[in-house]
Amino acid sequence: MTETMIHLSGVSRSFGSVKALDQIHLEVRRGEVMGFLGPNGAGKTTTMRILAGLLAPTEGSVAVAGVDVLDHPVEARARIGFLPENPPIYGEMTVYEYLGYLATLRRVPGVGLKQAVERAMERCGLTSVRDRLLRNLSKGFKQRAGIAQAIVHSPDVVILDEPTVGLDPIQIREIRALIRELGGEHSVLLSTHILPEVRMTCQRVAVIHQGRIVADDTLDALESRAHGSTMYYLRWRQPPVIETLRQIPGVGSVTPKEEGWLIRAESPDDPLPELVRLSAAEGWDLRELTQAGGSLEEIFLQLTTREERPDENEESKA
Amino acid sequence: MKAIFTIALRELRGMFHSPLAWSLLAVLFAICAYMFNAGVLTYQIQMVEYQSYGMRGGLPLTERTIAPMLGNAAVLLLLLMPLLSMRLIAEEKRQGTWPALACSPLSPMTIILGKYTGLLLFLAIAIGLLAIPPLTLYSFANPDTGQFLAGLLGLFLTAAAFGAVGLAASSATENPNVAAVISFGVLLMLWILSWMGNASGGVVDKMLAYFSLLNHYQNFLSGIISSADLSYFLLLSAAGLLFARQRLMAERIQG
């Protein structure tokens, strides 16, 4: 189970004078779902396009399932399924024709073709729309067809570039369940900037920022690293002055957020009991107390720019 | 090999799923049939005049009816082929379907040959249609079958070369309209090169005359199939395909 399916080593890529990727190292093992995180423009898509063989790296080596992408591009591509940001859909084909077409091009033998297409449709929940033209399908179904084409030839490696963007919550839940399921058979590299998605689907996470990998670890390890710098969100009716809060042991930083305060706890002391005690004793009248953000979000923000904070990441965790 | 035909058949089907291919065939057929009719009627009048002078024998039928129609068909295709070929690669890139092909285990040349074969299949249908009006001649006259077939072959090769140039243009841009303009410009230039080529007879003029599409096509219309003309069209087509291949390879490096 430790076989390396994706291997990027010292990969750099420049576009003119802009260095999009700088010495990337990345490994994904068989059966693993790896979350690939980073702010927009950090190099996620470039990395994925290099893996898929759409783009050649300026330097470094790339191997998929042990096949060098640069030396044997065609062989390597036979082992990859790729869903780009926009699903590559031929509007004038039906779902069945579309998957059959791409399965043929991807060397699914004639006898197993029907079965492969049926299976991909079933896994992606497309069976009910199999004879509909792709152009007439909803965005969610198009996205699923995009995923289906990435897995129809049972590739060793599946690369998904932001697969849940633009879907409604029910569709997102279904797609995430599918991605989790894919992990068993395929190795999956999943790019996203939606952190809860990573928590739900991935075992391991790599964070990319300004073309460099700034973290690469299991989710548990990352979260335990984040432990001790938990964030609390507190709202009082009679809030104290900010200096009072800062003097409480264990309080790292205090920042106003909406009507309350975002307080970062610093190890080793957890300031929460003291905060609650003082709230009662001093009559600040505590109205709300939540642990703000996941610790993964915290790690992500530490690793990347602080001013970038997309709305999706603001989900609070009680 | 199988992949080439898989792509070609999808391409052909894609063409017939859009109104473009149908309207193109309709226009091509209507205009050529009209020209052919006009040609036959003119020929009849000329024959009557010719014989009224007491001349013996007749005017060459194929030369005066079929060949002009096929010649005009090539001019029409010069206008229409860029519209057909412009979508081959550029449209896939614009629609975002290109990664599905480019990430499949296919070499760039396989993709290009697949697309090109699809275009050739369409051409075969179009030229098959254009053979119908001349065939009606056989019911009441004796056209020169050899010259007729040579003309059809010439038309096919000419249009195939148009398509290869169009494919090259389509690989060079993500905008199909730009691809159409480029390929139309290149083809028209190649077509009219001989205008200068016949001026003085110097080396440059001879070269221009050699590169002119029109000169080579004329030979086919006169019923002459020479290896020089054959190789001209094959080389031009190959050049277009190789250019497209280079573009696709360079794209991975340039991004």
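Residues numbered from 1 in each chain as written. Chains lettered and ligands numbered in written order. Predicted model: local features only at pLDDT ≥ 70, side-chain atom pairs only at ≥ 80, totals over all residues.

### Describing the overall build of chain B
To be explicit about the condition: Secondary structure elements follow DSSP: runs of H or I of four or more residues count as helices, runs of E of two or more count as strands, with numbering from the N terminus. Here the globule rule reads 2.2 Å times residues to the power 0.38, and the radius of gyration is calculated from C-alpha atoms. Buried residues are those with 20 or more other C-beta atoms within 10 Å of their own C-beta, exposed residues have 12 or fewer, and partly exposed residues lie in between; C-beta atoms are placed from the backbone. Think of it this way: build a C-beta for each residue from its backbone, and any pair within 7 Å is a contact.
Counting secondary structure elements, chain B contains 13 helices and zero strands. Walking chain B from its N terminus toward its C terminus, one meets helices and strands in the order α-α-α-α-α-α-α-α-α-α-α-α-α. Taking 18 Å as the expected radius of gyration for a compact globule of 255 residues, we find that chain B reaches 20 Å, a close match to that expectation. Dimensions along the principal axes, computed over C-alpha positions, put chain B at roughly 75 × 45 × 30 Å. When each of the 255 residues of chain B is scored for burial, the buried share is 40%. At a minimum sequence separation of 6, the contacts of chain B that also span at least 24 residues come to 77%.

### Here we look at the overall build of chain A
Looking only at helices and strands, chain A has 11 helices and 14 strands in total. Taken across its 318 residues, chain A has 42% of its residues classed as buried. Relative to all contacts within chain A whose residues are 6 or more apart in sequence, the contacts with residues 24 or more apart total 69%.

### A closer look at the packing of helix α3 (residues 95-105) of chain A against helix α4 (residues 110-123) of chain A
All names here are of chain A. Selection rule: Axes, fitted as lines to C-alpha atoms, cover a helix only where it is in contact. Angles between the N-to-C directions of the axes lie from 0 to 180 degrees. Here is the rule for angles: anything less than 35 degrees is roughly parallel, anything more than 145 is roughly antiparallel, 65 through 115 is roughly perpendicular, and the remaining ranges are oblique. When the near helix sits turned anticlockwise from the far one by under a right angle, the crossing is termed left-handed; a clockwise turn instead gives a right-handed crossing. Classes in brief: Ala, Val, Leu, Ile, Met, Phe, Trp, Tyr, Cys and Pro nonpolar; Asp, Glu, Lys and Arg charged; the others, Gly included, polar.
Axis separation between α3 and α4 bottoms out at 9 Å; the angle between their running directions is 125 degrees. One finds that α3 runs oblique with respect to α4. For the crossing formed where α3 meets α4, the hand is right-handed. Mapping the contact onto sequence places V95, Y96, L99, G100, A103 and T104 in α3 and L113, A116, V117, A120 and M121 in α4. Of the residues in the contact of α3 with α4, the class split is nine nonpolar, two polar and no charged.

### Here's the deal with the interface of chain A and chain B
Listed by partner, the interface residues are 25 residues for chain A and 18 residues for chain B. Residue contributions to the side of chain A that touches chain B peak at four residues, all from α3 of chain A. Among the residues making up the side of chain A that touches chain B, the classes are represented as 16 nonpolar, four polar and five charged.

### With respect to helix α13 (residues 227-254) of chain B
Residue and element names in this part refer to chain B. The condition is simple: Working rule for helices: expected span equals 1.5 Å times residues minus one.
The end-to-end C-alpha distance of α13 is 39 Å, a good match for the 40 Å that 28 residues give at a rise of 1.5 Å each. Residues D229, Y232, F233, L236, S237, G240, L241, A244, R245 and R247 constitute the buried set of α13. Of the surrounding secondary structure, the elements contacted by the buried residues of α13 are α7 (108-130), α9 (145-171) and α12 (213-221).

### Focus on the sheet that holds strand β3 (residues 33-37) of chain A
Residues and elements named next belong to chain A. Let me state the cut-off plainly: Any two strands are treated as partners once DSSP identifies two or more bridges connecting them.
Taken in spatial order, the six strands of this open sheet run β6-β7-β8-β3-β9-β10, and their pairing is mixed. Of all strands in the sheet, those bounded by a partner on one side alone are β6 (80-83) and β10 (212-218). Pairwise comparison of adjacent strand axes, ignoring direction, gives a mean angle of 15 degrees for this sheet. Bridging between β6 and strand β7 (residues 157-161) involves four bridges; their strand directions are parallel.

### Quick word on the nonpolar core
Applicable threshold: To count as a nonpolar core, a set of buried Ala, Val, Leu, Ile, Met, Phe, Trp, Tyr and Cys residues must be joined through C-beta atoms within 7 Å.
Residues L99, A148 and I159 of chain A are the most contacted members of the largest nonpolar core, which totals 140 residues. At 13 residues, the largest contribution of residues to this core is made by α9 of chain B. Ignoring anything within four residues of it in the chain, the contact list for A148 of chain A reads L99, A120, M121, C124 and L126 of chain A. With eight residues, the next largest nonpolar core counts M231, L234, I263 and A265 of chain A among its residues.

### Quick word on the sheet that holds strand β1 (residues 4-15) of chain A
Residue and element names in this part refer to chain A. Spatially, β2-β1-β4-β5 is the arrangement adopted by the four strands of the open sheet, whose pairing is antiparallel. One side of each edge strand has no neighbouring strand; the edge strands of this open sheet are β2 (18-29) and β5 (67-68). Pairing geometry for strand β4 (residues 59-64) and β5, over two bridges, is antiparallel. Its bridge partner lying in β5, A63 is registered against D68.

### Observations concerning the environment of S222 of chain B
You can see S222 of chain B is positioned in the loop between α12 and α13. Taking the C-alpha atoms as reference points, S222 of chain B and W98 of chain B, separated by 124 residues in sequence, lie 43 Å from one another.

### So, the packing of helix α2 (residues 19-52) of chain B against α7 of chain B
Residues and elements named next belong to chain B. The geometry of α2 relative to α7 is characterised by a closest axis approach of 10 Å and an angle of 30 degrees between their N-to-C directions. It follows from the interaxial angle that α2 and α7 lie roughly parallel. Of the two possible hands of crossing, α2 and α7 adopt the one that is right-handed. Residues A21, L25, L28, F29 and C32 of α2 form the contact with α7, whose own contacting residues are F122, A126, L129 and L130.

### A look at unusual backbone geometry
All names here are of chain A. Despite not being glycine, R107 shows a phi value in the positive range, around 70 degrees. Considering the arrangement of structural elements, one finds R107 in the loop between α3 and α4. Positive phi is not limited to glycine here, since E162 has a value of about 45 degrees. Mapped onto the elements, E162 comes out in the loop between β7 and α6 (169-185).

### A look at the domain arrangement of chain A
For clarity, the cut-off: An automatic or database domain assignment supplies the residue ranges for each domain.
Here the domain parsing of chain A yields domain 1 (4-222) and domain 2 (227-314). Placing a centre on the C-alpha atoms of domain 1 of chain A and another on those of domain 2 of chain A gives a separation of 37 Å.

### What to know about α12 of chain B
Residues and elements named next belong to chain B. This is how it is decided: Comment: arc refers to directions from the helix axis out to C-beta atoms.
Along α12, the positions that sit buried rather than exposed are L213, H216, Y217, F220 and L221. All buried residues of α12 lie within an arc of 150 degrees about the axis, which places them on one face of the element. A positive phi of about 95 degrees marks G223, the residue just after α12.

### Considerations on the pairing of strand β12 (residues 251-257) of chain A
All names here are of chain A. Sheet topology places β12 next to strand β13 (residues 260-265); six bridges connect them, and they run antiparallel. Along β13, the bridge assignment pairs V254 with I263. Between β12 and β13, which pair antiparallel in sequence order, lie two residues; one of them, E258, sits at a positive phi of approximately 50 degrees.

### A word on the confidence of the model for chain A
The predicted coordinates of low-pLDDT regions are not to be read in fine detail. Residues and elements named next belong to chain A. Note the cut-off: For every residue, the pLDDT score states the predictor's confidence, bounded by 0 at the bottom and 100 at the top.
For chain A, the average pLDDT comes to 85, and 90% of its residues sit at 70 or higher. Taken element by element, the predicted model of chain A shows its lowest mean pLDDT in helix α11 (residues 295-303) (68) and its highest in α3 (96). Considering only residues more than four positions removed or in separate chains, one finds that residues 305-318, a stretch of pLDDT under 50, has 18 contacts.

### Concerning the environment of Y101 of chain A
By the secondary structure assignment, Y101 of chain A is in helix α3. Of the residues examined, Y101 of chain A has 23 C-beta atoms within 10 Å and is grouped as buried. In this view, Y101 of chain A contacts M93 of chain A together with T6 and R10 of chain B; residues no more than four positions away in its chain are not counted.

### Let's talk about the confidence of the model for chain B
Taken over all residues, the pLDDT of chain B has a mean of 91, while the share at 70 or more is 97%. The complex model carries a pTM of 0.84, and its ipTM stands at 0.88.

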